[in-house]
Structure formats: structure tokens, C-alpha cells
Amino acid sequence: MQTIRLDLRQDGVAVATIDLSDRSMNVYTPTLQEDLGKVIEQVAADPAIKGLVLTSGKRGSFIAGGDLLDFVNVHGRDNTEQVLQRAQGWNALHRRLETCGKPVACAINGLALGGGLELALACHYRVLADDPKAVVGLPEVKVGLLPGGGGTQRLPRLIGIPAALPLLLDGNPVAPVKALQLGIVHALAPVAELVESAARWVLDNPEACQPWDVKGFKVPGGTGCLAPHAVESFQAGTSRVSQATQRNYPAPIAILSCVFEGTLVPLDTGINIEAKYFTKLLTGPVARNLMRTMFLNKGEADKLARRPQDFARRVPQKVAILGAGMMGAGIAYCAAAAGIEAMLLDTSQEQAERGKAYSVALVEKAVARGNMNEETAQALLARIHPVTDYSALAGCELVVEAVFESREVKRGVTQQAAAVLAEGALFASNTSTLPITGLAQAWPRQDLFIGIHFFSPVDRMPLVEVIRGQATSDEALARALDFVGALRKTPIVVNDSPGFFTSRVFGTFVDEGMAMLEEGIEPALIENAARMAGMPTGPLAIADEVTIELQANVQRQAKEDGLDERFQRQLSAGVVDRMMALGRIGRRGGAGFYDYPAGARKRLWPGLAEQFPPRAEQPEAEELASRILVIQALETARCVEEGVIEHPADADIGSILGIGYPSWTGGTLSYIETLGLPAFVAECDRLAALHGKRFAVSPWLRARAEAGEPFYQ
Ligand code: NAD
């Protein structure tokens with residue numbers, strides 16, 4: 001067998017050690033399923049074998065779950081029947097395990113997630129490693145699925161529906177002590193004694209049987225509408241889930257249905273119900289979107305998939321950060337946390353010190369919460385050096401520039417840094433709007449000039465947009481990615497263009513919201529429609545956060561630079577000018593589309609009704625939600641057409657992590673594929689007829705739709 005080693009002990013207990021040779025952790029693959037089947041039949045048939053212990057050969061983990069790559073590839077083919085059969089086969093195996101006539105115990109030597117825990121639940125006895133890292137759980141909901149190996153049926157039958165639902169619906173694993181308390185496992189033991197203790201249980205319990213296979217079994221706490229917990233579990237549960245997901249994520253509702261319907265009937269029927277819901281989710285788009293973008297492609301990006309391979313890894317030991325404002329201060333913190341010396345330069349010592357104070361506040365909080373020890377905190381702070389003199393930058397291998405968003409100021413600091421740094425230093429600008437190719441002219445080696453665009457607040461935002469200018473070399477890209485990787489951030493790589501990728505797409509969201517306001521759509525409806533689509537914040541609220549003033553500056557700069565009309569953002573100019581004239585510049589100024597009363601929650605400014613009178617007939621929220629999702633997706637397609645985006649995964653990851661595009665869509669390009677390219681083009685045509693050319697589809701995209709050429713091959 002490829003995945004299992006089977007040993008027969010002298011006492012007649014067979015020990016099956018699961019160990020996938022080509023993986024660092026065990027995952028539930030079709031081969032493992034096949035091998036398990038062979039083991040069970042051998043144990044059942046051999047009179048010399050008294051029972052079975054299942055364990056894993058991997059240190060610290062039992063089975064980490066299903067194979068996501070395998071799952072993703074299932075989507076989009078006409079294979080519902082095959083998926084259903086596979087789920088049924090998997091369940092038949094678990095059922096055979098618990099009814100094979102011999103006692104089966106699971107020695108869970110480390111984390112057991114998803115299919116791993118489901119396999120354990122199909123054993124008669126579970127003993128778990130007494131190690132806080134040995135967490136157990138059913139996280140399938142996080143990838144848009146439900147536990148399809150009997151998890152929605154065995155867990156509620158074991159610990160009762162009220163205790164099982166949070167584990168199934170939140171997908172968060174629990175530590176061993178909690179698992180024991182809940183009754184998910186029978187005992188805890190030190191790792192070294194697990195197999196022995198499981199074997200002893202097998203010998204002591206020759207007649208072992210699952211509780212649900214005992215005649216007269218009842219689910220603890222009751223099932224169905226008449227159970228005492230039914231209103232809370234199912235009625236309130238459904239409305240909680242609907243509110244949290246806006247019904248954009250089908251998995252939680254499917255889980256509730258599985259548990260409700262499946263626990264009313266015998267286990268075998270319940271498992272069939274589960275298999276049907278599982279198949280629907282696995283062959284549907286949302287699970288594919290979540291798995292592909294948020295797990296597989298993000299995982300690749302974290303491993304620096306886009307890094308040119310011809311250069312040795314080179315993480316800078318010492319970096320210069322120009323500008324100790326909001327961004328510079330955050331970047332210095334992240335660099336110091338990664339063990340890198342950070343020279344934090346500003347125009348006055350006081351400003352530079354203020355930048356360092358940001359890190360002081362962060363580590364104090366972390367120490368107070370017990371997330372950092374005092375020694376680590378002091379070492380981190382000692383790596384941040386507030387300075388004003390450029391000579392202090394000597395020896396830095398990388399400069400990150402985060403001064404004011406002005407070409408002149410940026411040119412000045414770039415030239416001053418060039419005067420003291422060695423030829424081979426890499427220069428990275430954190431500009432959010434100014435094209436990299438132009439800024440690079442102030443640096444002696446344009447091949448070693450790049451954009452590294454962080455998001456605010458830097459210490460919390462996981463994404464970094466790396467921007468290649470026209471002259472940026474592969475070496476510069478490799479070094480920039482090494483730096484981003486060292487900070488443990490997720491990089492995407494894009495080519496130079498006004499607003500790059502994230503700011504450009506984000507701009508269309510904000511502008512669409514303002515266009516709606518000007519059309520006379522109720523502000524609250526605009527904000528709610530955006531949240532209904534799955535955006536974390538409405539366009540008016542987010543415009544206030546980043547400030548309306550910033551929109552005004554970007555629009556002015558675009559005009560001054562003589563940018564193409566489509567980058568001038570005239571759609572929102574009327575609203576922006578009106579708000580600026582009213583002195584309502586956004587949250588930082590204390591007033592914008594919202595009022596910010598001291599000590600109370602913000603609320604939409606009632607004066608908006610006078611400035612932008614609501615029209616008599618208001619559209620459906622779905623119509624507005626579609627505009628919000630489509631305009632951002634269409635702008636992304638334009639970025640692909642223009643070569644700003646070279647890999648679809650960069651757009652999908654960037655749109656979710658950088659601008660909050662809803663994760664159920666899989667990102668802006670996956671959203672197009674979720675609708676289907678022809679349907680997307682048809683929706684754009686419809687919206688263009690109503691709202692004008694910003695929704696117009698290019699001949700390139702139309703041809704792609706006609707040729708049936710998706711973004712992901
Ligand atoms: P900020 O105003 O908070 O900080 C800028 C800092 O640069 C100030 O401390 C200022 O004193 C300093 N500075 C100005 N001129 C200088 C000079 N000649 N030499 C040295 N220091 C100088 O601005 P911020 O929000 O930190 O933005 C900085 C850069 O990052 C801008 O290019 C901005 O577009 C970009 N950015 C901002 C955000 C954001 O959300 N704020 C996000 C991404 C990128």
C-alpha cells in the first residue's frame with residue numbers, strides 16, 4: 001500500500017499508520033481511501049486480528065483534511081453523478097469501518113481537520129494527543145463546503161446539535177482539552193503513549209459499537225422542530241447565517257439543512273442527505289472560488305510564485321524608510337518585526353521619533369495582551385532608528401520611500417538617498433498613484449527601481465502590490481519579493497499604469513457609489529446594496545475613510561498629468577467638488593458623507609438629501625449590487641487587456657485582500673467566470689445602455705467571450 005503501513009502486534013491488534021510519502025502532512029486522497037478499504041477488509045477477514053488502531057506517521061498531525069487541488073478540479077465539469085458517487089464511496093468506507101465487526105480506535109497524534117476528524121469520528125474510540133497544537137475541527141465551511149464524510153451526521157449524534165452547530169458553521173478547530181470536554185474524543189494521552197492506550201482499549205472492548213448503531217439510540221438533546229433547542233438552533237440559526245453571509249455563501253445554510261434533515265432519520269439516510277448537499281456545493285462556483293483564490297493561489301503567492309528564479313534569495317539586513325508618517329511608521333514596524341534594521345528618516349527628529357512611537361504603542365499592546373514577551377519587544381524597538389541625516393542610510397540595501405504624494409518631494413528624497421547609497425541598492429516607492437516609470441528617473445539605476453505598495457494599516461493589511469516600471473529588472477523584482485516575503489505579506493505583481501491595479505479598481509467602486517448618489521439614489525440604499533453584494537463597507541463610508549479630499553487630489557493630479565480621459569474620474573467629480581466646497585472632506589476632517597458625533601456611532605449626513613435630492617422611484621438593491629460588482633470586474637478585465645495584470649490570480653487575490661471585493665466571488669476575474677463570460681458581457685451591455693460607456697465592453701473582451709476563452713486555463 002502506498003499510503004498506509006500495517007503492522008500486526010503480538011497481542012493481535014493491527015496498527016495502521018497513515019503516511020503519504022510525497023506530502024509533509026497527510027491529506028485524504030483517493031489513494032488513501034482505497035488503501036483504507038484494503039486495511040478494513042483485511043482486519044475484518046483475519047480471525048487472528050482482534051481489532052484496529054489508526055494513527056499517522058507524521059509528527060504533529062493526523063490528517064489535515066481533503067486535497068483542495070483535487071477538489072478544485074472537480075468544478076465546472078458535467079460530473080455531478082461522479083462526485084456524488086465519490087462522496088458515497090467515502091461514506092461507505094467510514095460506515096464499513098464502524099460496522100466491520102472488530103473494535104477500531106483512533107490514536108490522533110496531532111491536528112485532525114476535515115476528513116481527518118471525520119475518519120476519527122467513524123472509529124469507536126478516540127484518544128487525542130495531550131498537546132495544545134493537536135487541534136481538531138471541521139473547517140470545510142471556510143472553503144465553501146460542508147464535511148462530506150459523515151461529519152454533519154456523526155458529530156451532532158455524538159455531542160448534540162447545539163454543541164455541534166458552532167463547530168460546523170464557524171469551522172474553527174478546538175484544542176484537546178475542549179475536545180475532551182465536548183465529548184468529541186474519549187481521552188487525552190501523551191503522544192508517546194497514544195497507540196498503546198488505543199490498543200489497550202481495543203483489547204478491552206471486543207464488542208465495540210457506535211452509539212447510533214445501538215437499538216433505541218436518540219440524538220442527545222433531541223432533533224427536529226420539537227426539540228427544546230430547535231428555535232435557537234434552526235430558526236435563529238438560519239437568520240444569523242443569512243445576515244452574516246447575505247446569502248452569498250451557500251455552505252452554512254446547507255450545513256443547517258443537513259443537520260436538521262439528517263438527524264430526523266437513521267444515520268445511513270442522513271449520510272445520503274449529506275452527500276447530496278456536499279455534491280451541490282463542490283460542483284458549485286463559490287467553493288471553487290474560495291478554494292482556488294483564498295487557499296491555492298494565495299498559498300502560491302505567499303511562496304513567492306512570481307519571483308524570477310535566476311537570483312539567489314536576498315533579504316536586506318538594513319533598510320531605509322523615507323517618511324515616518326502613517327505608512328512609513330507601519331513599514332518600519334513590519335521590517336523590525338522581521339528582524340531587519342530600519343533607518344526611519346523624516347524632515348525633523350521629532351517627526352522621525354513620532355514614527356517610531358507607533359511601534360512603541362503596538363508592542364506595548366502586544367506585551368499587555370501576552371502576545372509578545374518583553375525581550376522580543378525591546379529587540380524589535382532597538383531595530384528602529386529615527387534619523388534625519390541621509391548619511392545614516394549608508395549600508396542600506398533597500399530604500400522604501402513613503403513621503404508625501406508629490407512628484408517634487410519624491411524626486412528630492414530619491415536624489416538625496418542616491419548620493420549616500422551604493423550603486424546596487426534597490427529603491428522602492430510606496431506611492432499609491434504616481435507611475436513608477438516616471439519616478440524612476442530620479443534614481444541612478446532605473447533597473448533597480450520598483451513600486452512596493454503597502455496598504456493601511458500596514459501592520460494589519462496582508463497584501464502588498466509590487467509594481468514593475470518599464471525599466472524594472474527581474475533582479476529588482478526578485479529582491480522586492482524577498483523583502484515582502486520576509487515581512488510575511490502576500491504579494492501580487494502588476495505592471496505600471498495610473499493607479500496600478502488595486503487603486504484603479506477601487507476608484508471605480510467609489511465612483512460608482514458617488515454616481516448613484518448624484519442620480520438620486522438614497523444613500524442608505526447605496527451602502528446596503530454594497531454590503532449585500534459582500535463589500536465590507538459601502539462606497540460612501542469608504543470614501544470618507546480614505547477622505548474625499550484624496551479623491552479631489554487624485555482627480556486634480558490626473559488632469560494636470562494630462563492622463564487619458566478614462567483615468568480622470570470625471571464620474572465622481574461633481575459630488576467630490578460639492579462635498580469639498582461644503583468643507584466635508586471625510587472622516588479625518590470630522591464630516592463627510594457621514595456625521596461623526598463625539599461618543600456616538602457615525603450616521604449618514606441628513607443634509608445629503610438636500611444636496612442630492614432622492615428621486616421618487618428607487619431601484620432594487622440587487623440592481624445596485626450588480627453595478628458595484630460588474631464595474632470593478634470590468635475594470636479588471638481592462639487591466640488584463642492592457643497587460644497591467646499578467647496572471648489572473650494576482651487580480652483575484654489583490655481585489656479580495658486589497659479592496660475587499662467579496663471572497664465568495666473568488667475575486668474580480670473569478671466573478672466574471674462565475675457568471676460566465678458571455679453572461680457577463682450581456683450584463684455589461686445592459687448596464688451600458690442604461691448608464692453609459694463606462695460599462696462598455698471592448699472588442700477584445702467581446703471576442704474572448706465569443707471564443708469561450710476563460711481567464712483561467
Ligand atoms: P503621511 O502624510 O502620513 O506621511 C508622510 C511623511 O513624509 C510625513 O511624516 C512627512 O513629514 C514626511 N516627509 C515629507 N516630506 C519629506 C521629505 N522631504 N523628507 C523626509 N520626509 C518627508 O502620508 P502617508 O499616508 O504615510 O503616505 C505616504 C506615501 O504612501 C504617499 O505616497 C501615499 O500616497 C502612499 N500610500 C498611502 C496610503 C494610505 O492609506 N495613507 C496607502 C498606500 C500608499
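Residues numbered from 1 in each chain as written. Predicted model: local features only at pLDDT ≥ 70, side-chain atom pairs only at ≥ 80, totals over all residues. Heavy atoms only, no water.

In the nomenclature of an unreviewed UniProt entry, the protein chain corresponds to 3-hydroxyacyl-CoA dehydrogenase from the organism Escherichia coli. The UniProt entry for the protein chain carries the following text under Sequence similarities (unreviewed entry): "In the central section; belongs to the 3-hydroxyacyl-CoA dehydrogenase family." (UniProt positions renumbered as here; feature names shortened; annotations may be inferred.)

Moving on, we get to the side chain of S626. Mapped onto the elements, S626 comes out in helix 25 (residues 621–641). Residue class for S626 comes out buried when judged on its relative accessible area of 14%. Not counting chain neighbours up to four residues away, the residues in contact with S626 comprise E683 and L687. (Helix = DSSP H or I, 4+ residues; strand = E, 2+ residues; numbered from the N terminus. Buried < 20%, exposed > 50% of the residue type's maximum accessible area, 1.4 Å probe, protein only. Contact = heavy atoms within 4.5 Å.)

Moving on, we come to the pairing of strand 5 (residues 104–108). Looking along a regular strand, one sees side chains alternate from face to face of the sheet. Judged by how many residues are buried, strand 5 sits mostly within the fold: 5 of 5 residues are covered. Alternating residues of strand 5 divide into V104, C106 and I108 and A105 and A107, and every residue in both groups is buried. As paired strands, strand 3 (residues 51–56) and strand 5 are joined by 3 bridges and run parallel to one another. Note that in strand 5 the partner of L54 across the bridge is C106. (Pairing = 2+ DSSP bridges.)

Turning our attention to the nonpolar core. Side chains of a nonpolar character, in soluble globular proteins, are inclined to be buried together. In this structure, L322, L393, F454 and F593 are the most contacted members of the largest nonpolar core, which totals 136 residues. Residue contributions to this core peak at 12 residues, all from helix 25. Two domains each put at least three residues into this core: domain 2 (318–497) and domain 3 (501–618). Residues contacting F593, with those up to four places away along its chain left out, are M514, L517, L540, A543, D544, I548, V575, M579, L604, W605 and L608. One finds V72, V104, C258 and M291 within the second-largest nonpolar core, a separate group that totals 94 residues. (Core = buried A, V, L, I, M, F, W, Y, C linked by side-chain atoms within 4.5 Å. Domains from an automatic or database assignment.)

What follows is about the packing of aromatic side chains. The tally for this structure, following the rule as stated, stands at 10 aromatic pairs. Between Y125 and W201, the aromatic rings sit 4.6 Å apart at their centres with planes inclined by 5°, giving stacked as the arrangement. Taken together, the positions of Y125 in strand 7 (residues 125–129) and W201 in helix 8 (residues 194–204) put the pair 76 residues apart, joining distant regions of the chain. Judged by relative accessible area, which is 18%, W201 ranks as buried. Ring geometry for F427 and F449: centres 5.1 Å apart, planes at 15°, overall stacked. Remark: F449 occurs in strand 15 (residues 449–454) and F427 occurs in strand 14 (residues 426–429); sequence separation between them is 22 residues. Neither residue differs from the other here; F427 and F449 are each classed as buried. Site record: aromatic cluster; members linked through ring pairs are Y28, F71, W90 and F278. For R292, the ring lying beneath its charged end belongs to Y712, and the centroid distance is 3.7 Å. (Phe/Tyr/Trp six-rings, centres within 6.5 Å; stacked < 30°, edge-to-face > 60°. Lys NZ or Arg CZ within 6 Å of the ring centre and 35° of its normal.)

Right, let's talk about the environment of A179 for a bit. You can see A179 is positioned in helix 7 (residues 176–182). Here A179 falls in the buried class, since its relative accessible area comes to 0%.

Let's shift gears to the site of the ligand. Not every one of the 22 residues close to the ligand is listed here, only the nearest: M327, D346, E405, K410 and S432. Here an oxygen atom of the ligand sits 2.7 Å away from a polar atom, N or O, in the side chain of K410. Within the contact set of the ligand, an oxygen atom lies 2.7 Å away from a side-chain nitrogen or oxygen of S432. Computed on the free molecule, the ligand has an accessible area of 830 Å², of which 78% lies beneath the protein chains in the complex. For the shell around the ligand, the secondary-structure elements that each account for two or more residues are helix 13 (326–337), helix 16 (407–420) and strand 15. The greatest single-element share of the shell around the ligand, amounting to 3 residues, is contributed by helix 16. (Near = heavy atom within 4 Å. Polar contact = N/O pair within 3.5 Å; in protein donor to acceptor, adjacent residues only side chain to side chain. Areas by Shrake-Rupley, 256 points an atom, 1.4 Å probe, with all protein chains shown as cover.)

Parsing the protein chain into structural domains produces domain 1 (4–283), domain 2 (318–497) and domain 3 (501–618). When each unit is reduced to the centre of its C-alpha atoms, the spacing between domain 1 and domain 2 is 47 Å.

Glancing now at helix 29 (residues 699–707). Buried residues of helix 29: L701, R704 and A705, and no others. Along the axis of helix 29, the buried positions cluster into a sector of 100°, meaning they face one direction only. The exposed set on the far side of helix 29, more than 90 degrees from its buried face, consists of P699, E706 and A707. On its buried side, helix 29 packs onto helix 25 and helix 28 (677–691). (Arc of directions from axis to C-beta.)

Within this numbering scheme, the UniProt entry marks residues 318–496 as carrying the feature "domain: 3-hydroxyacyl-CoA dehydrogenase NAD binding" (unreviewed entry). Along residues 318–496 the backbone is 40% helical and 22% strand, and the end-to-end C-alpha distance reaches 27 Å.

A word on the sheet that holds strand 6 (residues 111–113). If you walk across this open sheet you meet the 3 strands as 4-6-8, and the pairing is parallel. Pairing within the sheet leaves two strands with one partner each, and these edge strands are strand 4 (61–63) and strand 8 (136–137). Where strand 6 and strand 8 come together, 2 bridges link them in parallel fashion. In the sheet register, A112 faces strand 8, and the bridge partner there is V136.

As a further point, take the sheet that holds strand 17 (residues 490–495). The 8 strands are arranged 12-11-10-13-14-15-16-17 in an open sheet whose pairing can be described as mixed. Edge positions in the open sheet fall to strand 12 (384–387) and strand 17, since each of these has one partner strand only. Put simply, the sheet's adjacent strands are angled 25° from each other on average, direction ignored. Here strand 16 (residues 463–468) runs beside strand 17; their pairing, made up of 6 bridges, is parallel. Each residue of the ladder has a partner; that of R468, found in strand 17, is N495. Sheet strands touched by helix 14 (residues 349–368): strand 11 (341–345) and strand 12. Its angle to strand 12, the strand with the most contacts, is close to 160°. (Axes fitted to C-alpha atoms, helices over the stretch in contact; angles between N-to-C directions.)

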